[in-house]
Amino acid sequence: MYPNTFEGFAIPSAKEWNSPKRYEFKPKPFGDHDVDVKIIACGVCGSDVHTATGGWGNKIWPVIPGHEIIGYATKVGPKVTAIKVGQRVGVGAQISACLDCDTCKNDNETYCKKQQDTYASVYPDGTIAHGGYSSHIRAHEHFTFPIPEGLQTELVAPMLCAGLTAYSPLVRNGVGPGKKVGILGIGGIGHFGILFAKALGATTYAISRSRSKEADARKMGADGFIATKEQNWAEAHEMTFDFILSTTSSDEGFDLAPYLSLLKTHGRFIAVGLPEGEGWKVRPQSLLANGCLIGSSHLGSRKETLEMLKLADEKQIKSWVETIPVGEEGVKEALERVHNGNVRYRFTLVDYDQQFQ
């Protein structure tokens, strides 16, 4: 018998962010374009921790995090054309958009005014959207992606948020052969920045405070490494970078000016890390010397997701992942370790068959 309710491991409140509890919930009504996915793995994202702790201002409790979801399609709506029952699929950090506005029609659905996050958001009918620390998820086919056979489940899961968050700004800003690219912050997103920038053919530098991650960065393919704790670290590289992707999520003591000085004339600094505090201060004077441009990027489109998965398959790009069995204890451990920065460089929750029938 097909389940009318799903279950997962929910965060009861911000005060209990590291005390997940088994929780039963009702998904939104099944639509003509919907796909039900029986989940087999889910990546653990920094966003999950920011949401669970209330750091990003979440007001929906209890909430089940998780938006790097891999599973098998178990039910498809009558108008679904992209997914078949039994297919291995992924669902990322976006679950909905209007798909009818100019933004959506130009492969920018991640910027749609009606875009909806995969969890900690509310459907128009009032149903709470819950994420991938669950038995199932119900998703629109546009936000459900076929997974190439050559990609391992636990390794591909984190690509659906962290990977795409790095990939989209790289390709939208022309990263490829002949370009010198800096990846600032060697964490969950940053390690994908290195992997994808190299796969796209760019000369790639890792930028981090110390050299503690240099060996890892070079194993990922980094051509060079810059340690910003070292004296006069920026001087040798001033005005030599075409593009910098900032994945750092800390704004404590962060001075943007020396990073901007690395850029060529009209080079671009794109930030995808989201600090919880007030953020960075930008002085116009810091932009004058090279006329550089700063901006941000949100996730990526379906088109980019499919391109990313194809590239990962063709180049056999492998995420650096540690697996943890899903469950109250597993989710607790994963959230606490991500919170403490004790991860190299992503977690994927696995063994769903041990918790959900």
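In the block above lies the structure referred to throughout.
Every chain's residues receive numbers from 1 upward, in the order its sequence appears when written. Note on the predicted model: pLDDT of at least 70 is required for a residue's local features to be given, and 80 or more for side-chain atom pairs to be given and counted; whole-chain, interface and lining totals, by contrast, use all residues. Water and hydrogen atoms were dropped before computing side-chain values, which therefore reflect all heavy atoms in the structure.

With that out of the way, let us pick up the pattern of salt bridges. We define a salt bridge as a side-chain nitrogen of Lys or Arg found within 4 Å of a carboxyl oxygen belonging to Asp or Glu. Using the criterion set out here, one finds 16 salt bridges in the structure. For Glu-230, the salt bridge is made with Arg-211, and the minimal N-O distance between the two is 2.7 Å. Of this pair, Glu-230 sits in the loop between β14 (224-227) and β15 (241-246) while Arg-211 sits in the loop between β13 (203-208) and α6 (214-220); the two residues are 19 residues apart in sequence, bridging distant segments of the chain. For Glu-230, a relative accessible area of 35% gives the class partly exposed. Buried, partly exposed and exposed residues are distinguished by accessible area as a fraction of the type maximum, computed with a 1.4 Å probe on protein chains only: under 20%, between the cut-offs, and over 50%, respectively. By relative accessible area, which is 37% here, Arg-211 ends up partly exposed. The residue Arg-337 makes a salt bridge to Glu-322 at a minimum N-O spacing of 3.0 Å. Remark: Glu-322 occurs in strand β18 (residues 321-325) and Arg-337 occurs in helix α10 (residues 328-339); sequence separation between them is 15 residues. Glu-322 gets classed as partly exposed once you look at its relative accessible area, which sits at 29%. Overlapping salt bridges bring together Arg-211, Glu-214, Arg-218 and Glu-230 as one network. Comment: elements are numbered from the N terminus, with helices defined as DSSP H or I runs of at least four residues and strands as E runs of at least two.

All right, on to the sheet that holds β13 then. Sheets are built from strands paired through backbone hydrogen bonds, the pairs being either parallel or antiparallel. Ordered by their spatial adjacency, six strands build an open sheet running β14-β13-β12-β15-β16-β17, and the pairing between neighbours is parallel. Of all strands in the sheet, those with a lone pairing partner are β14 and β17 (293-296), marking the two edges. Put simply, the sheet's adjacent strands are angled 20° from each other on average, direction ignored. When DSSP finds at least two bridges between two strands, those strands are taken to pair. As judged from the five bridges shared by strand β12 (residues 180-184) and β13, these two strands associate in the parallel manner. Bridged to Gly-182 within β13 is Tyr-205. Note on contacts: a residue pair qualifies if any of its non-hydrogen atoms lie within 4.5 Å across the two residues. Comment: axis = line fitted to C-alpha atoms, over the contacting stretch for helices; angle = value between 0 and 180 degrees taken between N-to-C directions. Helix α4 (residues 162-172) rests against β12, β15 and β16 (263-271) of the sheet, and its axis sits at about 160° to β15.

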